[in-house]
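Residue-level listing of the chains:
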Protein chains: 2
Amino acid sequence: MRKFNMSYVRRVGALEDSFLGSGLPYGTARILYEIGLGAETVQDLRIRLGGLDSGYVSRMLRTLESKGYVAMDRDPSDGRRRLVALTEDGLKQWDDLERRSEERAHLLLDPLTQRQRDRLNDALATADLLVRAATIIIEQVDPRDPIAQMAMGHYFAEIGDRFGFTVGDEGFGDDPSLRAPHGAFFIAASDGAPVASGGVREFDGTGEIKRMWVDPAWRGAGLGSRLLRHLEAEALKLGHRVVRLDTRDVLSEAIGMYERAGYERIDRYNDNPHATHFFQKAMS
Amino acid sequence: MRKFNMSYVRRVGALEDSFLGSGLPYGTARILYEIGLGAETVQDLRIRLGGLDSGYVSRMLRTLESKGYVAMDRDPSDGRRRLVALTEDGLKQWDDLERRSEERAHLLLDPLTQRQRDRLNDALATADLLVRAATIIIEQVDPRDPIAQMAMGHYFAEIGDRFGFTVGDEGFGDDPSLRAPHGAFFIAASDGAPVASGGVREFDGTGEIKRMWVDPAWRGAGLGSRLLRHLEAEALKLGHRVVRLDTRDVLSEAIGMYERAGYERIDRYNDNPHATHFFQKAMS
DNA sequence: TCATGTATCTGACTTTAGTCAGGTATATCC
DNA sequence: GGATATACCTGACTAAAGTCAGATACATGA
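Residues numbered from 1 in each chain as written. Chains lettered and ligands numbered in written order. Predicted model: local features only at pLDDT ≥ 70, side-chain atom pairs only at ≥ 80, totals over all residues. Heavy atoms only, no water.

**Q** Explain the overall build of chain A to me, and be specific about the residues and the numbers.
**A** If you tally the helices and strands in chain A, you get ten helices and nine strands. By residue count, 48% of the 284 residues in chain A fall in the buried class. (Helix = DSSP H or I, 4+ residues; strand = E, 2+ residues; numbered from the N terminus. Buried < 20%, exposed > 50% of the residue type's maximum accessible area, 1.4 Å probe, protein only.)

**Q** A description of empty space enclosed by the protein should follow, citing residues and the corresponding values.
**A** Residue and element names in this part refer to chain B. One pass over the structure, following the stated rule, counts two cavities of 30 Å³ or more. Its volume calculated, the second largest cavity comes out at about 40 Å³. Breaking the lining of the second largest cavity down by element, the ones donating at least two residues are α7 (114–134) and α9 (223–237). Residues belonging to the lining of the second largest cavity are distributed by class as follows: six nonpolar, two polar and one charged. (1 Å grid on protein atoms, 1.4 Å probe; cavity = no way out; pocket = protein on both sides within 12 Å on 5 of 7 lines; lining within 4 Å. Points joined across faces, edges and corners; volume = space filled by probe spheres on them. Nonpolar A, V, L, I, M, F, W, Y, C, P; charged D, E, K, R; others polar.)

**Q** Lay out the protein's contact with DNA strand C in plain terms, naming residues and giving numbers.
**A** In the vicinity of DNA strand C lie 21 residues, with Tyr 56 and Gly 79 of chain A together with Gln 43, Arg 59 and Arg 82 of chain B positioned nearest. Counted by atom, the contact set of DNA strand C within 4 Å of the protein is 65% sugar and phosphate. Note that a phosphate oxygen of DNA strand C is positioned 3.3 Å from one of the backbone N or O atoms of Gly 27 of chain A. Arg 80 of chain B is positioned such that a nitrogen or oxygen atom in its side chain is 3.0 Å from a base nitrogen of DNA strand C. At the level of elements, α3 (26–37), α5 (54–66) and β2 (78–86) of chain A together with α4 (42–48), α5 (54–66) and β2 (78–86) of chain B are the ones that each hand at least two residues to the surface near DNA strand C. (Near = heavy atom within 4 Å. Polar contact = N/O pair within 3.5 Å; in protein donor to acceptor, adjacent residues only side chain to side chain.)

**Q** Please provide a residue-by-residue account of the packing of aromatic side chains, values included.
**A** Residue and element names in this part refer to chain A. Per the counting criterion, the structure on display carries twelve aromatic pairs over all chains. Residues Tyr 33 and Trp 94 carry aromatic rings whose centres are separated by 5.6 Å and whose planes lie at 20 degrees to one another, so their mutual orientation is stacked. With a gap of 61 residues between them, Tyr 33 in helix α3 and Trp 94 in helix α6 (residues 88–109) connect regions that are remote in the sequence. For the pair Tyr 258 and Phe 279, a centre-to-centre distance of 5.9 Å together with 45 degrees between the ring planes defines the contact as tilted. Taken together, the positions of Tyr 258 in helix α10 (residues 252–260) and Phe 279 in strand β9 (residues 277–282) put the pair 21 residues apart, joining distant regions of the chain. For the pair Tyr 258 and Phe 279, a shared accessibility class is recorded, and that class is buried. Through pairs of rings, three or more aromatic residues link up here, namely Phe 203, Tyr 269 and Phe 278. Looking at Arg 244, its charged tip hangs above the ring of Tyr 269, at a distance of 5.1 Å from the centre. (Phe/Tyr/Trp six-rings, centres within 6.5 Å; stacked < 30°, edge-to-face > 60°. Lys NZ or Arg CZ within 6 Å of the ring centre and 35° of its normal.)

**Q** Now, about the sheet that holds strand β8 (residues 264–265) of chain B: what can you tell me, with residues and values included?
**A** Residues and elements named next belong to chain B. Within the open sheet, the seven strands sit side by side as β3-β4-β5-β6-β7-β9-β8. Their pairing is mixed. Two strands lie at the open edges of the sheet, namely β3 (137–141) and β8, each paired on one side alone. Of the strand pairs in this sheet, strand β7 (residues 242–247) and strand β9 (residues 277–282) are connected by six bridges, and their pairing is antiparallel. Paired with Leu 245 across the strands is Phe 279, a residue of β9. Against the sheet, helix α10 (residues 252–260) contacts β6 (206–214), β7 and β9, and its axis sits at roughly 20 degrees relative to β9. (Pairing = 2+ DSSP bridges. Contact = heavy atoms within 4.5 Å. Axes fitted to C-alpha atoms, helices over the stretch in contact; angles between N-to-C directions.)

**Q** Give me the lowdown on the environment of Thr 41 of chain A, citing residues and values where you can.
**A** All names here are of chain A. Mapped onto the secondary structure, Thr 41 falls in the loop between α3 and α4 (42–48). Distance from Thr 41 to Met 72, taken between C-alpha atoms, is 9.1 Å for residues 31 residues apart in sequence. Look past the residues within four positions of Thr 41 in its chain and what remains in contact with it is Arg 81, Arg 82, Leu 83 and Val 84.

**Q** Break down the protein's contact with DNA strand D for me, with residues and values.
**A** Taken together, 21 residues lie around DNA strand D, and Arg 59 and Arg 82 of chain A together with Tyr 56, Arg 74 and Gly 79 of chain B are the ones closest in. Sugar and phosphate atoms form 70% of the subset of DNA strand D atoms that lie within 4 Å of the protein. Ser 54 of chain A is positioned such that a nitrogen or oxygen atom in its side chain is 3.1 Å from a base nitrogen of DNA strand D. Here a base oxygen of DNA strand D and a side-chain polar atom of Arg 59 of chain A are 2.8 Å apart. Every element with two or more residues in the surface near DNA strand D is listed here: α4, α5 and β2 of chain A together with α3 (26–37), α5 and β2 of chain B. Per-element tally for the surface near DNA strand D: the top contributor is α5 of chain A, with five residues.

**Q** Go over α10 of chain B with me, naming the residues and quoting the values.
**A** All names here are of chain B. The set of residues buried in α10 consists of Ala 254, Ile 255, Gly 256, Met 257 and Tyr 258. Residues of α10 that are buried sit in contact with β6, α9, β7 and β9. Residue Gly 262 follows α10 closely and has a positive phi angle near 95 degrees.

**Q** Please set out the sheet that holds strand β7 (residues 242–247) of chain A residue by residue, giving values where relevant.
**A** Residues and elements named next belong to chain A. Ordered in space as β3-β4-β5-β6-β7-β9-β8, the seven strands form an open sheet in which the pairing is mixed. Of all the strands in the sheet, the pair left with one neighbour each is β3 (137–141) and β8 (264–266). Sheet twist, expressed as the average angle between the axes of neighbouring strands with direction ignored, equals 30 degrees. Set on the sheet, α10 makes contact with β6 (206–214), β7 and β9; between it and β9 the angle comes to about 20 degrees.

**Q** Kindly report on unusual backbone geometry, identifying the contributing residues and their values.
**A** Unusually for a residue other than glycine, Arg 211 of chain A sits at a positive phi of about 55 degrees. One can find Arg 211 of chain A in strand β6.

**Q** Lay out the environment of Gly 21 of chain B with the relevant residues and their values.
**A** Residues and elements named next belong to chain B. For Gly 21, the location among the structural elements is in the loop between α2 (17–20) and α3. Its relative accessible area of 53% is what places Gly 21 among the exposed residues. Residues Gly 21 and Arg 100, spaced 79 residues apart in sequence, show a C-alpha to C-alpha distance of 8.2 Å.

**Q** Requested: an account of the packing of α3 of chain B against α5 of chain B, with residues and values cited.
**A** Residues and elements named next belong to chain B. For the pair α3 and α5, the least separation of the axes is 10 Å and the interaxial angle reads 80 degrees. With respect to their mutual orientation, α3 and α5 come out roughly perpendicular. Here Gly 27, Thr 28, Ile 31, Leu 32 and Ile 35 of α3 lie close against α5, whose contacting residues are Val 57, Met 60, Leu 61 and Leu 64. Across the contact of α3 with α5, the residue classes break down as seven nonpolar, two polar and no charged. (Parallel < 35°, antiparallel > 145°, perpendicular 65-115°, else oblique.)

What follows is the structure, given as structure tokens:
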């Protein structure tokens, strides 16, 4: 991996050079680029660029404004915020960056045969997925937090989708049992969007895992079992040595995962009408 | 591919952070690192780092010298040149960089299962090979050039190896037929080392391809057919519409490649005792 | 031996990237 | 309505990265 980095960066790292042809310094070009990609407020930009200093960003925006590439306006819904947008000239610049970058990529791929290009694409896609998966961090959030709500929204939407029923709006409102002191809720996010989530709570004197969901695009990346281990550890912290969960026969991947993780099938322990399978695991 | 760059650099690009913990600025740390990797002269360093300004490098070396990490000495074989080497302290620093970088890589891979790590490794190795292959440039050299001699050395060594005979030193001395005006010799180099070579000359009124060799580590990367196309184009330039070549039955990969490239088997056209197969291609 | 070229160095300079300490206007909570 | 927090801004600063114009010592070919 380190070998790859050295060699790759040496050859392809020149990607950044594409920013240089624009006459803009790298940092400023990155800002322009992110605006074109959809950043709408200064704050948004700062987050996308990895938490840059606000003064620094402000100054670069001033530069871009004076060159006539971006226009700024106050946000009507919050007067402290300012909206950023590309002007027509800015859009031209952005297209230019895109084109130059595209050209570079083509130049590199040119000597390869179609089959090799396909292989390279596959390899990079695989590497990308795995690196993204590896850099995902699981963190505890309040189930009322917007990001948690978003994740539960996905969860219920998918359940509704797969099982042919829908839940009302109250469905994923607040569930106090998933909050301290008797429960916890976790999400795994990639680039700010939730890709997996799940909670643990107390039920009938044991731990219970609830609302576990993994983004379909991320299944098979080991995220589910990672999250599961996390939830089990949390259940232990909450004082339970046994965790249970229910699921449904249609979710065969999930069932396989539970079995591989050491869960054993038990009899029905609740009256959830949608559940068909019930599992339990004793932790040491 | 561009998508990969953005996402990969954002996550792993922090690789460079490993240089930061050393208390040395990035550029200076890179110099230290390259010396540890084997750079021996200032010039060597400048080339490895992509043509940095000589004054800039000189200044950084002064810094490293004053910190006691590198020792410099004049080159006895050329008094203008200066040799660089790590001191004991410098070596310690270098090991530290290595260790830190290794740690980072481990930290990243930690959340992955063994299977995923293997997959990532494979994917990166494939991507690396292909990117290296894509960035190789084929260039014409005089067959007496040291790099050409090196390539022919590999070629004869391998022939000797595979066929159980050896050639004398005169074997790969100068072959005027592979030079202008009736011939040409090409090498493909990666990081300064030849990875493939081949020549074209006039023989019996047609073009003939000679001494084609691809580094065993690079076979299957399409380098052979790329070089072959190059040689054919050169033969055309030299005024031939037909190229021939001889090879030996043991070289089945090569034979397959010639056939895929449109070569047809013909009768023996020379008295090369080591050749068993003879091919020809008519170009339009 | 002289002209020319090469390898490295020094000094003076610029641009980029980034930090830190406030300041102003607006929003929000009690 | 007042305290506090937030979003953005300005000004003053630093360190890193890099450029450019010579200077110096040595090498090389005619």
